[in-house]
Protein chains: 2
Amino acid sequence: MATLKDIEVAAAINILTAFAFFVAFAILRLQPVNDRVYFPKWYLKGLRSSPLNSGALVGKFVNLDFRSYVRFLNWMPAALKMPEPELIDHAGLDSAVYLRIYLVGLKIFVPITFLAFAIMVPVNWTNGTLEHSNLTYSDIDKLSISNIPIGSDRFWTHLVMAYAFSFWACYVLKKEYAIVALMRLHFLASEQRRPDQFTVLVKNVPPDSDESVDELVEHFFLVNHPEHYLTHQVVYNANRLSNLVEEKKKLQNWLDYYQLKYSRNQSKRPSSRTGFLGLCGDRVDSIDFYTSKIENFSEEIATEWDKIINNPKSIMPAAFVSFKTRWAAAVCAQTQQSRNPTTWLTEWAPEPRDVYWANLAIPYVSLSIRRLIVAVAFFFLTFFFMIPIAFVQSLANIEGIEKALPFLKPIIEIKFIKSFIQGFLPGIALKIFLIFLPTILMLMSKFEGFISISALERRSATRYYIFQFINVFLGSIITGTAFQQLDNFIHQSANEIPRTIGVSIPMKATFFITYIMVDGWAGIAGEILRLKPLIIYHLKNFLLVKTEKDREEAMDPGTLGFNTGEPQIQLYFLLGLVYAVVTPVLLPFIIVFFGLAYVVYRHQIINVYNQEYESGAAFWPDVHGRIIVALIVSQLLLMGLLSTKQAAQSTPLLIALPVLTIWFHRFCKGRYEPAFVRYPLQEAMMKDTLERAREPNLNLKGFLQNAYMHPVFKGGDDSDSDAASGDGDQEPELVPTKRNSRRNTPLPSKHSGSVSSLPEAVQEHAQLL
Amino acid sequence: MATLKDIEVAAAINILTAFAFFVAFAILRLQPVNDRVYFPKWYLKGLRSSPLNSGALVGKFVNLDFRSYVRFLNWMPAALKMPEPELIDHAGLDSAVYLRIYLVGLKIFVPITFLAFAIMVPVNWTNGTLEHSNLTYSDIDKLSISNIPIGSDRFWTHLVMAYAFSFWACYVLKKEYAIVALMRLHFLASEQRRPDQFTVLVKNVPPDSDESVDELVEHFFLVNHPEHYLTHQVVYNANRLSNLVEEKKKLQNWLDYYQLKYSRNQSKRPSSRTGFLGLCGDRVDSIDFYTSKIENFSEEIATEWDKIINNPKSIMPAAFVSFKTRWAAAVCAQTQQSRNPTTWLTEWAPEPRDVYWANLAIPYVSLSIRRLIVAVAFFFLTFFFMIPIAFVQSLANIEGIEKALPFLKPIIEIKFIKSFIQGFLPGIALKIFLIFLPTILMLMSKFEGFISISALERRSATRYYIFQFINVFLGSIITGTAFQQLDNFIHQSANEIPRTIGVSIPMKATFFITYIMVDGWAGIAGEILRLKPLIIYHLKNFLLVKTEKDREEAMDPGTLGFNTGEPQIQLYFLLGLVYAVVTPVLLPFIIVFFGLAYVVYRHQIINVYNQEYESGAAFWPDVHGRIIVALIVSQLLLMGLLSTKQAAQSTPLLIALPVLTIWFHRFCKGRYEPAFVRYPLQEAMMKDTLERAREPNLNLKGFLQNAYMHPVFKGGDDSDSDAASGDGDQEPELVPTKRNSRRNTPLPSKHSGSVSSLPEAVQEHAQLL
């Protein structure tokens, strides 16, 4: 067992590591050559231009102003300086609210820590249980609940504190929920006109033998929302096309690389092999090879493009329907359209950037089956993931490698390397699995059929949290694989389970303190260094970059990564709440984590990350819910722990705590969650009225016409390389083609649609009846 | 243990009892004097007039046509003859769909029974386990799973059958859900214009210092639904008034009674005591006493009436808002109105008859707290109800009675009576509790704040089912109080619980067979006899009835009683599904119950019951959900049972079954439930369009104006006695008074409201912004 001394040493090491990272960051960020790695957000916003363009040659790459090194931590106050409204404007509401999660951590844990140190540490310390026992114990344990003698009246302190901490946490949570809900509504109300305010996504358009999806959607909404329907856009199945474009872009990268290589060394034309990974196959001239390949792809893309536009089957049974007012869109999104509740499903359209196009056409039954499959798969992933890894580990031994790659044998047989591999190899399969876990979870969410990237990330985050809860939290407390735990729990009674876990909790405090320092402190400090993007940027810069635009593309600002970041924070909430009563000495470590992470992520959000979408803090109910789960877990475990301490009279009093907490959660859910899933009509009407007064002649139709176009058709923002390479001329064709097909229908043009087609709408009715 | 012979005897007794009930019913129903007891529905519909008015004196009371006695069971085919559409028209959709629950029972269990008897009975019978064991066993047990030797491969049959039965049950459930959903939509679409189609109930209108609720509601909806708002009615807090009216009605009854008594025996004016229950106090002249008391009450009612109308505080923060079209009402009911999701809550208005007026004004926080309180109270009621009963039992012993009522001592001391009381008394407290249980549950639901009677009944049914499941089903299988069970289960592991119950299940088969025969067969046959209403009707007829109208009121048609009836059926579903695989011999008893109940209730619905409201089969999702619960319970118990039979290889295969069943439930929920909670816009639009074409000049406002008035203000339907006794003149005053208060506001009149007040609406906006 670790003593206080050990913890101090570990803390010192980790503080030094974190400090080293910060120093390295401070030096690297001041070098102009790294400017695009550490300030990409400003480049993307067009507020910063390359420092390479000005000054002396050396000054372009290395910062020679030594004064700037002195103030090497001055990014910290700078990161904190930007006020929140400006931050929302700069980086979006998602990022600003994400930072609030850390603030919630501070708000919950700082008062709890003070209270715990003022009251519980003395109560625990002034006992002699451990001193008089024969057990080995550490100073940390003397500060924990383990030091209280069995059956002591002092447990009442812990009981009262559990209530106090829970009430404080709930109070902070409620206040924060109210603030975030208000921020969201304010953001939605005050922000500029966005297409998703007027647009509803319609899924599962039922098949019709007489009409195309295009006509069907128009008719349906003209009939059922006659005074409000404005226009719609059908969804093309462009998955193959976007794959092709993606492929072509990769080839283009290679071509660029070889051209640059050739231009630097004109003596020899670069060549490469055509086979697997360039390792085998015929040797050909690289530039010619890639040029011809790109031409092939361009042709294929053109054919696919034609196919999509001309084949009615490539229109998916989904559409983005836009309305004349926000009010009408809010109405359509919140109501059921058709008698059959599995067709004509409407929901708020996600932001155009946020749409996950591949999932727009999944029918209801399939969705339902996919959900079952993913649920079962996730269950097995969580509880049985060790089985395939153990299998791989048993295969990937030294003998196996020697057989597969005999030429490595002499190297492997060197004793030092052999023992290194033998020690290292078993871990590597697990490590690789853990690295790929977020990707696997993301694939699951994609398979499950969510239609926006934000929803995908939210669901992945939930799964990642469950995985971490079972395999990291429970797995560390009760050593053994998740499956063994599951087996144990099935064979234990309902009141035995919290007891089993509760008893082990005080013993694991030192482990988790170390975990927090390594994963939290050093990990967060490493995040700011951005080692991977730094290396990749310089590699790309060296190998691919020809023009300023290429350099722009070589930047990888990255995103917040909600699906991995949030579950990590939640683990700290869980640890903090569980140990608050049991071993309060863990709390300062949590506070340092939250404080450090807040500053670092604030800096990153201001200077680095570029959010791909804006969901308007739609994730907050999830965050709130998981903190509540942590609270309930902590209460149950405390109950289990106290019941073994023969403080029986306190257990019934503790039962009320989870009941009240669950009630509090349901109260908050009813009170605040609607702000995150629905859009109040009052709000919509207000914005509509204001807008009508300000811009009476607004051409909304023009604004919405092409807002929801598959990004591959736009060719704009990030795939401009296509637009430049021969496909650009195809693009304008798309709109006329769509229009032609519409002209063939007996419908009037859209502009007069809602008025002159009313008789048709009635006719339609007659058919329906 | 009961043998087949015992069961046969019990069956014979119960069949004879049921038969006796039927014969008694057949005789009683043919007597003209009972006509209003057995055919009240037809009287209420005005399709049958009193047979007392015509024919000879004796013929008025006794049926002398002996031929009609011969065909004494002919009500059965008659009950089955009415086709379903006519039944819906006659008794409403609720009743028609309620009958379908019995049909579902037949559809599920008839094929299952055939399959079970064809395959499982031979498989079970052809073993010798019980014969070779030393256990005492009955012939019933030889037909059950107990007869299979441990570890036998024959358990595969049970496994396959469990799958077959589950799939069949799910298939029937899905088909039925689809049919009922369609029936509901068809009913909503085809029925006549009803106020609730155009009306939305708005609750939690926020307080406003400048405007009254009346004005506030009008402004809010004029602003936020400008083109659709038609009119609204505020809700008066008339709880006290309706209590007074109720009280007065009771007094009126007594007055009638004494007047009738006096008119029959003019020699002596009736007198009564004023004190508690007429047992003590001064003796006064009854007629004078009640006349003066009624006068007092009339005055009090008039004052209260004035108070309600003139005091703005008696207007509750809720209103019924009517729209010009069904479409607009559907929109308003399904959307969120205000930024704060706990104010301006909208939902479909229940039918006027269905409104539970007392609960319309409960604020959100209070509702939330009430829900917690009721949940905790129900938990204690379910698990600890034996404690107060045991306490009462300990008090209510012979000595206690002798002390309290010493004059009874000589009677009680007779040995026979003493032993009778001693044997009877302990049970009586429990019996009284069980009789009052539905009322207690109903009170809980009322306290919880549901705003329609149908919702109250649905929630009470859910609670009653849970109570029965724990205290009847589990309580019979594992003898012991619910609290002891709870204690057991907490101390048992998750896989031990189904095992404990599962093992006891085959042993309890004979008990449940007897239970089905007593509670199901004889109980249902008793239902048709209507003994209690028969006696009460004749008592009233003798004591109170003066006019034909009084006789009309003396009828007590009763209702289906969803809150007690449905949980009873569900218990049979549970028993049937649990025993289908274990002891198939129980199934025919279930089938007889479902068949008999179907015929009896069909007869009662056609001839007797008078539904108080029409919810459009809104209860079906509950029914479906509970059958699914029964299915899952049966699967888990089978798993537990098989795991003790060392048929271990089959357990993993059984785990898939509940998973699939839960998935099926979620699928059905998504597919069909929206039909029961939302109203598709397409549907609404179709009806609107049709109506506009048919009746272009409809005065909808007139139709809706007073649709949602507290019944006490109407004085119509059932409280006409008030209207006749001096309050009638107050009634017309109500409307002008309301109008006056409106004229004082600067608003235009309602008829031009939506058009001419638009500028005001904009002004309103300006204030809000």
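Per an unreviewed UniProt entry, chain A is named CSC1-like protein At3g21620, and its organism is Juglans regia. Of the comments in the UniProt record for chain A, the one headed Subcellular location (unreviewed entry) reads "Membrane". Heading Sequence similarities (unreviewed entry) of the UniProt record for chain A holds this comment: "Belongs to the CSC1 (TC 1.A.17) family."

### Some details on the overall build of chain A
Within chain A, the secondary structure is distributed over 39 helices and six strands. Relative to its full complement of 769 residues, chain A shows a buried share of 53%. Sequence separation of at least 24 residues holds for 81% of the intrachain contacts in chain A that already meet a minimum separation of 6. A total accessible area of about 34600 Å² is found for chain A, and carbon and sulfur atoms account for 63% of it.

### Describing the interface of chain A and chain B
How big an interface is tends to be stated in terms of accessible area lost as the parts join. Listed as interface residues are 56 residues of chain A and, on the opposing side, 56 residues of chain B. The contact between chain A and chain B buries some 5000 Å² in all, and 62% of this surface belongs to carbon and sulfur atoms. Looking at the side of chain A facing chain B, the largest losses of area belong to Gln336(A), Arg339(A) and Gln682(A), adding up to 15% of the total buried there. At the boundary of chain A and chain B, one finds one salt bridge. Seen at the junction of chain A and chain B, the total is 19 residue pairs in polar contact (both at pLDDT 80 or more). Here the element with the most residues in the side of chain A that touches chain B is helix 31 (residues 651-672) of chain A; it accounts for eight residues. Looking at the side of chain A that touches chain B, its residues break down into 31 nonpolar, 19 polar and six charged.

### A short note on the domain arrangement of chain A
All names here are of chain A. Along its sequence, chain A is organised into domain 1 (4-193 + 364-681) and domain 2 (195-350). Contact residues are listed per partner, giving 17 residues for domain 1 and 21 residues for domain 2. Buried surface at the junction of domain 1 and domain 2, both sides included, amounts to about 1700 Å², of which 61% is carbon and sulfur. Interface area lost by domain 1 to domain 2 is led by Ile451, Tyr679 and Leu681, which between them contribute 33%. Only helix 17 (364-384) and helix 26 (531-543) provide two or more residues apiece to the side of domain 1 that touches domain 2. Considered class by class, the residues forming the side of domain 1 that touches domain 2 number eleven nonpolar, two polar and four charged.

### Overview of the sheet that holds strand 2 (residues 229-236) of chain A
Residues and elements named next belong to chain A. Ordered by their spatial adjacency, four strands build an open sheet running 2-5-1-6, and the pairing between neighbours is antiparallel. Strand pairing shows two members of the sheet lacking a second neighbour, strand 2 and strand 6 (345-348), which therefore form its edges. Pairwise comparison of adjacent strand axes, ignoring direction, gives a mean angle of 30° for this sheet. Inspection of the sheet shows strand 1 (residues 199-203) paired to strand 6 by four bridges, in the antiparallel sense.

### Examining the side chain of Arg463(A)
Of note, Arg463(A) is situated in helix 22 (residues 453-477). Here Arg463(A) falls in the buried class, since its relative accessible area comes to 7%.

### Points about the sheet that holds strand 5 (residues 315-323) of chain B
All names here are of chain B. Spatial strand order, 2-5-1-6: four strands in an open sheet with antiparallel pairing. Looking at which strands have only one partner, the edges of the open sheet turn out to be strand 2 (229-236) and strand 6 (345-348). Along the sheet, successive strands turn relative to each other by an average axial angle of 30°, direction set aside. Here strand 1 (residues 199-203) runs beside strand 5; their pairing, made up of four bridges, is antiparallel. Across the sheet, residue Val202 finds its bridge partner in strand 5, namely Ala319.

### Observations concerning the environment of Pro363(A)
Residue and element names in this part refer to chain A. Within the secondary structure, Pro363 sits in the loop between strand 6 and helix 17. Residue Pro363 is classed as partly exposed on the basis of its relative accessible area, which comes to 47%. The sequence separation of Pro363 and Pro206 amounts to 157 residues, and the corresponding C-alpha distance is 9.5 Å.

### What about the pattern of salt bridges?
Under the definition given, this model contains 27 salt bridges over all chains. Notably, a salt bridge pairs Glu347(B) with Lys203(B), separated by 3.6 Å at the nearest N-O pair. Remark: Lys203(B) occurs in strand 1 and Glu347(B) occurs in strand 6; sequence separation between them is 144 residues. Note on Glu347(B): relative accessible area 29%, which makes it partly exposed. Among the residues examined, Lys203(B) registers a relative accessible area of 9% and is labelled buried. Two residues, Arg459(B) and Glu448(B), come together in a salt bridge whose shortest N-O distance is 3.0 Å. Residue Arg459(B) is located in helix 22 (residues 453-477), and its partner Glu448(B) is located in helix 21 (residues 415-448); the two are separated by eleven residues in the primary sequence. The network of salt bridges with shared partners includes Glu84(A), Arg100(A), Lys107(A) and Glu176(A).

### Here we look at the relation of the copies chain A and chain B
For the pair chain A and chain B, the best superposition has an RMSD of 0.1 Å and corresponds to a rotation of 180° with a translation of 0.0 Å parallel to the axis. Viewed as a symmetry operation, the transformation between the two copies matches a two-fold axis. Judged by C-alpha distance, Ser493(A) is the residue of chain A that lies nearest the rotation axis, at 1.7 Å. Both copies share a contact surface, since 100% of the interface residues of chain A are interface residues in chain B too.

### Notes on the pairing of strand 1 of chain A
The buried count for strand 1 of chain A comes to five of five residues, which makes it a mostly enclosed element. Burial of strand 1 of chain A is two-sided: the residues Thr199(A), Leu201(A) and Lys203(A) facing one way and the residues Val200(A) and Val202(A) facing the other way are all buried.

### Observations concerning the environment of Asn699(B)
In this fold, Asn699(B) is placed in the loop between helix 33 (681-694) and helix 34 (700-704). Sequence spacing of Asn699(B) and Leu575(B) is 124 residues, and the spatial spacing of their C-alpha atoms is 54 Å.

### A few points about the packing of aromatic side chains
Residues and elements named next belong to chain A. By the definition in use, this model includes 81 aromatic pairs over all chains. An angle of 70° between the planes, with centres 6.2 Å apart, marks the rings of Tyr98 and Phe562 as edge-to-face. Highlighted residues: Tyr98 in helix 8 (residues 93-125) and Phe562 in helix 28 (residues 562-582), separated in sequence by 464 residues. Here a set of aromatic residues connected by ring pairs shows up, and it is made of Tyr98, Tyr102, Phe109, Phe562, Tyr572, Phe573, Phe593, Phe594, Tyr601, Tyr609 and Phe619. Lying across the ring of Phe378, Arg463 places its NZ or CZ 5.4 Å from the centre.

### As for the nonpolar core
Counting 370 residues, the largest nonpolar core has Phe473(A) and Phe473(B) as the members making the most contacts within it. What Phe473(B) contacts, discounting residues up to four positions off in sequence, is Gln468(B), Phe512(B), Leu571(B), Leu574(B), Leu575(B), Val578(B), Val633(B) and Leu637(B).

Definitions and limits used
- Residues numbered from 1 in each chain as written.
- Chains lettered and ligands numbered in written order.
- Predicted model: local features only at pLDDT ≥ 70, side-chain atom pairs only at ≥ 80, totals over all residues.
- Heavy atoms only, no water.
- UniProt positions renumbered as here; feature names shortened; annotations may be inferred.
- Helix = DSSP H or I, 4+ residues; strand = E, 2+ residues; numbered from the N terminus.
- Buried < 20%, exposed > 50% of the residue type's maximum accessible area, 1.4 Å probe, protein only.
- Contact = heavy atoms within 4.5 Å.
- Areas by Shrake-Rupley, 256 points an atom, 1.4 Å probe, with all protein chains shown as cover.
- Buried area = accessible area lost by both parts, 1.4 Å probe.
- Salt bridge = Lys/Arg side-chain N within 4 Å of Asp/Glu carboxyl O.
- Polar contact = N/O pair within 3.5 Å; in protein donor to acceptor, adjacent residues only side chain to side chain.
- Nonpolar A, V, L, I, M, F, W, Y, C, P; charged D, E, K, R; others polar.
- Domains from an automatic or database assignment.
- Pairing = 2+ DSSP bridges.
- Axes fitted to C-alpha atoms, helices over the stretch in contact; angles between N-to-C directions.
- Least-squares fit on C-alpha atoms with pLDDT ≥ 70 in both.
- Phe/Tyr/Trp six-rings, centres within 6.5 Å; stacked < 30°, edge-to-face > 60°.
- Lys NZ or Arg CZ within 6 Å of the ring centre and 35° of its normal.
- Core = buried A, V, L, I, M, F, W, Y, C linked by side-chain atoms within 4.5 Å.

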